[in-house]
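Results of the structural survey
Residue strings, one per chain:
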Amino acid sequence: MEHNELNEQELQEFERKLRTAMSRRAAPLGLKTRVLAQAHERRQGQRRRWWMIERIAATVLLAAAVGGFVEYRHLEEVRKGEAAKEQVLTALRITGRTMGRVQERLSEDR
Amino acid sequence: MRGNLSWQPDFEELVDEHQSMVFSLALRMTGDRGLAEELAQDVLLELDRNLNKIKSADHARFWLRQVALHRSADALRRKRANAAALGTDVWVELEERHGFMERDSESPLGVRIEELLATLPESQRAALVLRYQEDLTPEEIAVTTQSPVATVKSQLQRGLKLLRMRASQTLKEYVRGA
């Protein structure tokens, strides 16, 4: 075989030529521009997604706050209504009892 | 690898510095200029997505070499699968594609070496490209390809022998003459 005839010096020479032949090739024109444009687009998309997520989160938070306030007001009204009802019932009980006593006295006077 | 706590990656600078390395690795691994360009673009965009994980300039270079090699290997595997499905020979196709490469701007030896490289087994090709294009030591190649140093040395030896043998058959004037 031909290659067996190559000595160490020739091998080194081959390696030297190989190193020269295998120097880096220049990147194609426009590769950097395309990569930077796509990276920019991706970042913009990411920013848009975050903006959407932030908006959704803010809307959910606002809706929860408004809902909580409405619910609180409703419960407060119910509580006030219950208290008023309780007061009316107490007043009715007192009136009923007073009427009962008046009735008793009238019966005694007769 | 030198760690630098204050190192701030600048994607544009990294692309500028490494685009040629990534493209050359992909080109010599796949032997297909169009595919290499696509791969280089994907690898650089993947770097952008992983920029927060890159700790230093050396780390960026190492990461790019490793990802470029993996991506090229994946692309070759897909290519082989497609070729098998279509009943064509991927190596014949690679050699044909090399024939269409821009020869005017390259030295004849460089073009011929790339053609011969395409005929070597993938692992030997990767070792030779990292050794002679990237000027890495066998130890550094072993770290990049995640293989034992002894395996890398053997791949280099076998690959070089095979390449030299094929070159001596076709490139005698370049190997011995000049």
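Here the structure is shown first, and the text comes after it.
Just so it is clear, the model here is predicted, and its values are computed rather than measured.

Now for helix H1 (residues 8-21) of chain A. Residues and elements named next belong to chain A. Look at H1: 20 Å from first C-alpha to last across 14 residues, which is about the 20 Å you get at 1.5 Å a residue. For H1, every residue scored as buried is listed here: Leu11, Phe14, Lys17, Leu18 and Ala21. What you see down the axis of H1 is that its buried residues fit within an arc of 125°, all on one side. For H1, the exposed residues set more than 90 degrees away from the buried face come down to Glu8, Gln9 and Thr20.

Chain B puts 48 residues into the contact, and the matching count from chain A is 30 residues. The contact between chain B and chain A buries some 3,900 Å² in all, and 59% of this surface belongs to carbon and sulfur atoms. Here chain B and chain A share eight salt bridges between them. In this structure, Lys32 of chain A and Asp16 of chain B form a salt bridge, with 3.4 Å as the shortest nitrogen-oxygen distance. Across the chain B-chain A interface, the total number found is 14 residue pairs in polar contact (both at pLDDT 80 or more). The element that contributes the greatest number of residues to the side of chain B that touches chain A is helix H1 (residues 11-30) of chain B, accounting for eleven residues. Of the residues contributing to the side of chain B that touches chain A, the split by class is 23 nonpolar, eight polar and 17 charged.

Cut-offs applied
- Residue numbering note: each chain is counted from 1, following its sequence as written.
- Chain letters start at A and ligand numbers start at 1, both assigned in the order the entries are written.
- Only residues with pLDDT of 70 or above have their local features reported here, since the model is predicted, and side-chain atom pairs are shown and tallied only from 80 upward, although totals for entire chains, interfaces and linings are computed over all residues.
- With hydrogens and water stripped out, all remaining heavy atoms of the structure feed into the side-chain values.
- We count a stretch as a helix when DSSP gives it H or I for four or more residues in a row; a strand needs E for two or more, and each element gets its number in order from the N terminus.
- Working rule for helices: expected span equals 1.5 Å times residues minus one.
- Only protein chains enter the accessibility calculation, which uses a 1.4 Å probe; a residue whose area is less than 20% of its type maximum is buried, one above 50% is exposed, and one in between is partly exposed.
- What the arc covers is the set of directions going from the helix axis to the C-beta atoms.
- Working rule for contacts: check all heavy atoms of both residues, and any pair within 4.5 Å makes them a contact.
- What gets called buried area is simply the loss in accessible area from a 1.4 Å probe that two parts show on being joined, summed for both.
- Salt bridges are counted wherever a side-chain nitrogen of Lys or Arg sits within 4 Å of a carboxyl oxygen of Asp or Glu.
- Counted as a polar contact is a pair of N or O atoms within 3.5 Å, where, for protein atoms, one must be capable of donating a hydrogen and the other of accepting one, and residues adjacent in sequence contribute only when both atoms are in side chains.
- The residue classification treats Ala, Val, Leu, Ile, Met, Phe, Trp, Tyr, Cys and Pro as nonpolar and Asp, Glu, Lys and Arg as charged. All others, Gly included, are polar.

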